[in-house]
Each structure stands twice: as structure tokens, then as C-alpha cells.
Amino acid sequence: MNKLLKKVLVLTLMIAMVFSIAACGGDESTDDENGGGTEAVTYKAVTEATFPPFDTVDEDGNIIGFDMDLMNAIAEDQGFKVEYVDMEFDSLIPAVENGDADIITAGMNAMDPARQAKVDFSTTYYDSKLVVVVSAENNDINGVDDLTADMKVTAQIGTTGADEAEALASEGKIGEAVILNEYSSCILQVINGDAAACIVDKPVAEAYIKSQDGKVKIVGDEMGAESYGFAVQKGNTGVLEKINTGLQNMIDNGTYDELVAKWFN
Ligand code: ARG
């Protein structure tokens, strides 16, 4: 009896060992198949998030906006995932150039030869203009021609608005182009009277006026037509093709129009 019990125990133990080894092996191969094969690739997208309604941050610190909603819809359609990182606008192109990031989602004008020399742009997804924004109480400046050599004009670093402000300064038409990191600071300087005007993208100025009614206004004619595109590293046709295909699908299936209605009402 004792001997038989021993044999049964030993046998049970051996069977248990065989099963646990098999189970281990099984686990590993399952991991390999599912982990490597079906899990969606995640691309790192960079933006500058003081630029609502294109790029902003919600109360919990999440990066949100028209750009993110559109890119997320494209990603879902094309089977990839996106994680967003906020940085200064003039760091976006270098980040993609040196491979620190995969995609720029930042309301970035694609119709710019200097940028096109550094990154590849998607099909454009939003047409825009630049405008002059002044304090709502200012009745002296009714357009860019009313800016004078004693005035400061703000714009965000690295943007088309900054190009415009710097051109006005070098032509002597304004006193100084004040180039700041955040668009929000550009507008604040106009509100508190430190600067006479700010040059910024029209839809962003309009959204600001809607949310902060009575503080600033747009004056004069629109300037510098531009068209926003997503950007990838030069030669990254794999990601660019997914973005372009997904974007076209979102236009065709009505998602694009829904997002325009959501963010620009
Ligand atoms: N459209 C302008 C440009 O391309 C301004 C973009 C600013 N975008 C931002 N996320 N801050 O230069």
C-alpha cells in the first residue's frame, strides 16, 4: 500500500511537471503570435497645443482638437494607433527630421517650400488665411496698413504669422516683431496693451473671439493663404500613404464634415 501510494505520487508529480512545461511553452508562442502579428503599431505624433480649435489641451491635460480627431479617425481606418506629444512649434519639424516623432499634427501650412525641403506633407486638409488681431477697444488700426513703426506685433515662433511679422519689421513698417512660444501669450499681449496687434491663422482667431467675446477683433483684409497638411519624415511613404488613404476615406464617408461641424460649428 505504502509503495503504491509513493508510485502514484511520483507519477502525479511527473504529469504535473510535464503539463506545466507544456503550458509555459504554449504561453510563449501565444505571445509571439498575438504580440507581434495583430497588435496595431503606435505612431508618435507631435503638435503645439495652444492653437485651438486645431490643437489644444482639455481640463485633464489630454491633447485634443480637430487635428487629433481627424488623425485618430484616419488611424482607426488604417489600423494604427497614435500617441500625441506637445512641444514648441519650431521643434516639430526637427523632431520628425531626426526620427524622434513620426507625424506632425499641428495646423501646419504645407504650401511652404522651406518646410517641403525638410519633411513630406500629406494631401492638405484645411485651407486657411492669416489675419491681424487687435484689442476690441482699438479704433486706430483697421488693417495691416495702419500698423506703424512704433508698434509691436506678436506672432508664434516658427509660424507663417511670425514670417509675416518679421517681414513687416524688416521693411520698417512696424517697430518690432515680438516672437513668442505660445499663441496664447501672443493674444494676451494684445489684450493687455503690450503689443498693438497679433498675426495669426484666421480660424484660430475666430475661435478665440467666440470664446472670449469682446476682448479682441479681426481687422482688415485676410493675408497669406495657406493649406494645412500632416507631415512625416522625408521618404516615409509607408506612413504617408496610410494618412492620405485614410484622409480620403474620411472625406468620402462624411467623418471629415462631421469633425468640421464639431470644431468650427
Ligand atoms: N498655420 C501656421 C503655420 O503653419 C501656424 C500653425 C501653428 N500651429 C500650432 N499648433 N501652434 O505656421
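Basis of the calculations
Residues numbered from 1 in each chain as written. Predicted model: local features only at pLDDT ≥ 70, side-chain atom pairs only at ≥ 80, totals over all residues. Heavy atoms only, no water. Near = heavy atom within 4 Å. Polar contact = N/O pair within 3.5 Å; in protein donor to acceptor, adjacent residues only side chain to side chain. Areas by Shrake-Rupley, 256 points an atom, 1.4 Å probe, with all protein chains shown as cover. Nonpolar A, V, L, I, M, F, W, Y, C, P; charged D, E, K, R; others polar. Pairing = 2+ DSSP bridges. Helix = DSSP H or I, 4+ residues; strand = E, 2+ residues; numbered from the N terminus. Axes fitted to C-alpha atoms, helices over the stretch in contact; angles between N-to-C directions. Contact = heavy atoms within 4.5 Å. Buried < 20%, exposed > 50% of the residue type's maximum accessible area, 1.4 Å probe, protein only. Lys, Arg positive; Asp, Glu negative; His and termini not counted. Salt bridge = Lys/Arg side-chain N within 4 Å of Asp/Glu carboxyl O. Patch = residues over 30% accessible without salt bridge, like charges linked within 9 Å, V, L, I, M, F, W, Y side chains within 5 Å. Charge placed at Lys NZ, Arg CZ, Asp CG, Glu CD.

With that settled, the discussion passes to the site of the ligand. In the region of the ligand, 15 residues are neighbours, and E48, N109, R115, D201 and E226 sit closest. One nitrogen or oxygen atom from the main chain of G107 is found 2.9 Å from a nitrogen atom belonging to the ligand. In this structure, E226 approaches the ligand through a side-chain N or O atom, which is 2.6 Å from a nitrogen atom. Protein contact buries 100% of the 350 Å² of open area that the ligand shows by itself. For the shell around the ligand, the class distribution of residues is five nonpolar, five polar and five charged.

Turning next to the sheet that holds strand β8 (residues 152-156). Here five strands make up an open sheet; going across it, the order is β9-β8-β10-β7-β11 and the pairing mixed. Edge positions in the sheet fall to β9 (176-180) and β11 (216-228), since each of these pairs with one other strand and no more. Strand after strand, the sheet turns through a mean of 25 degrees between neighbouring axes, direction not considered. When β8 meets β9, the two strands line up parallel, connected through five bridges. Within β9, the residue paired with Q156 across the bridge is L180. On the sheet, helix α6 (residues 183-191) packs against β7 (126-135), β8, β9, β10 (197-201) and β11 and is oriented at approximately 160 degrees with respect to β8.

Before going further, it helps to examine the side chain of D67. As for its position among the elements, D67 is in helix α2 (residues 66-78). Buried D67, no salt bridge; nearest opposite-charge side chain is R115, N-O distance 11 Å. In this structure the side chain of D67 is engaged in a polar contact, spanning 2.7 Å, whose partner is the side chain of Y125. Those residues in contact with D67, other than ones at most four positions away along the chain, are F54, D55, T105, A106, G107, Y125 and F230.

Quick look at a negative patch on the surface now. Among the surface-exposed residues, D86, E88, D90 and E182 lie close enough to one another that they form a single negatively charged patch. If you trace the backbone, E88 turns up in the loop between β4 (81-86) and α3 (92-97).

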